[in-house]
Each structure stands twice: as structure tokens, then as C-alpha cells.
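# Report on the structure
Chain by chain, the residues:
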Amino acid sequence: QVQLVESGGGLVQPGGSLRLSCAASGSRFNMNVMGWYRQALGKQRELVAIITGDLTNYLDSVKGRFTISRDNAKNTVYLQMNSLKPEDTAVYYCYALVLLTPYWGQGTQVTVSS
């Protein structure tokens, strides 16, 4: 069973930064597609960033502020979040696709507030 464990969330003031980490374990296969989703209160879950084969893409509202990266040797994906805004407040979920099966982390809360 693949397990994804997020860390790095917390409370930050507008303009601040956070770095989320997601450590994956339990699979013999490469995590070819990994990403970050978020879900704010009362809203649908949305894709924030995705990385596959070192190619990346981002939600328009986070472009230039967020950076997704991965360390394949460590089976870890990161989300560097800079210039955070209150509208970035959400639970952030790590995502991985392994042999057509999606896996989700339990989420880490990011709150941007003064």
C-alpha cells in the first residue's frame, strides 16, 4: 500500500513562505506523476501543481509564486510556496499516480492570515 505523508503546513502571514514536503513509501514502482491539490472551505479540490518527467505545470493563480520539485531518490515531492496570500488558505493534499491507481495524503493545513 502506497502511503503519502505531508508535512510543512502551518500559519503564515501574507507575503510569507512555506515549504511542503510529501514523502512516499510502499511502492516498488516510480511515482511518475505527483502533485499537490488543495481544498479550501466550501470549495472543490483543485490542482495546484503537478510534476511528471521533470515537467511541471501550475494553477494560474500560483504561477510565479509556487514551485513544485521532486527528489526521485528520496521519493519525495516538494511545494515551495512564496508570496502567500489569504486565498491560498486551504488543506493541501499530496497526490501520486502509481500504475493507474491514485493515492492521496491526508492533507496539511495552510493558513495565510495576519
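See the structure above.
Note that the structure is a prediction, hence the values are computed from the model and not measured.

Parameters at a glance
Residues numbered from 1 in each chain as written. Predicted model: local features only at pLDDT ≥ 70, side-chain atom pairs only at ≥ 80, totals over all residues. Heavy atoms only, no water. Helix = DSSP H or I, 4+ residues; strand = E, 2+ residues; numbered from the N terminus. Rg over C-alpha atoms; globule rule 2.2 N^0.38 Å. Buried < 20%, exposed > 50% of the residue type's maximum accessible area, 1.4 Å probe, protein only. Contact = heavy atoms within 4.5 Å. Areas by Shrake-Rupley, 256 points an atom, 1.4 Å probe, with all protein chains shown as cover. Lys, Arg positive; Asp, Glu negative; His and termini not counted. Charge placed at Lys NZ, Arg CZ, Asp CG, Glu CD. Pairing = 2+ DSSP bridges.

## Quick look at the overall build of the chain
In terms of regular secondary structure, the chain is built from zero helices and eleven strands. Order of helices (α) and strands (β) in the chain, N terminus to C terminus: β-β-β-β-β-β-β-β-β-β-β. Taken over C-alpha atoms, the radius of gyration comes to 13 Å for the chain, in line with the 13 Å a tight globule of 114 residues would show. Principal-axis analysis of the C-alpha atoms gives the chain an extent of 45 × 25 × 20 Å. Split into buried and exposed, the 114 residues of the chain put 40% on the buried side. In the chain, the proportion of contacts linking residues at least 24 apart, taken out of those at least 6 apart, comes to 52%. Carbon and sulfur atoms provide 48% of the accessible area of the chain, an area that totals close to 6,500 Å². For the chain, the separation between the mean place of its 10 positive charges and that of its 7 negative charges on side chains is 3 Å.

## Quick notes on the pairing of strand β8 (residues 76–81)
Burial runs high along β8: five of the six residues are buried. Relative to β8, strand β3 (residues 18–25) runs antiparallel, the two being bridged by six bridges. Along β8, the bridge assignment pairs S21 with Y78. Across six bridges, strand β7 (residues 66–71) lies against β8 in antiparallel orientation. Among the inter-strand pairings, I68 is bridged to a residue of β8, identified as L79.

From the geometry alone we can't say anything about function, so treat these as descriptive.
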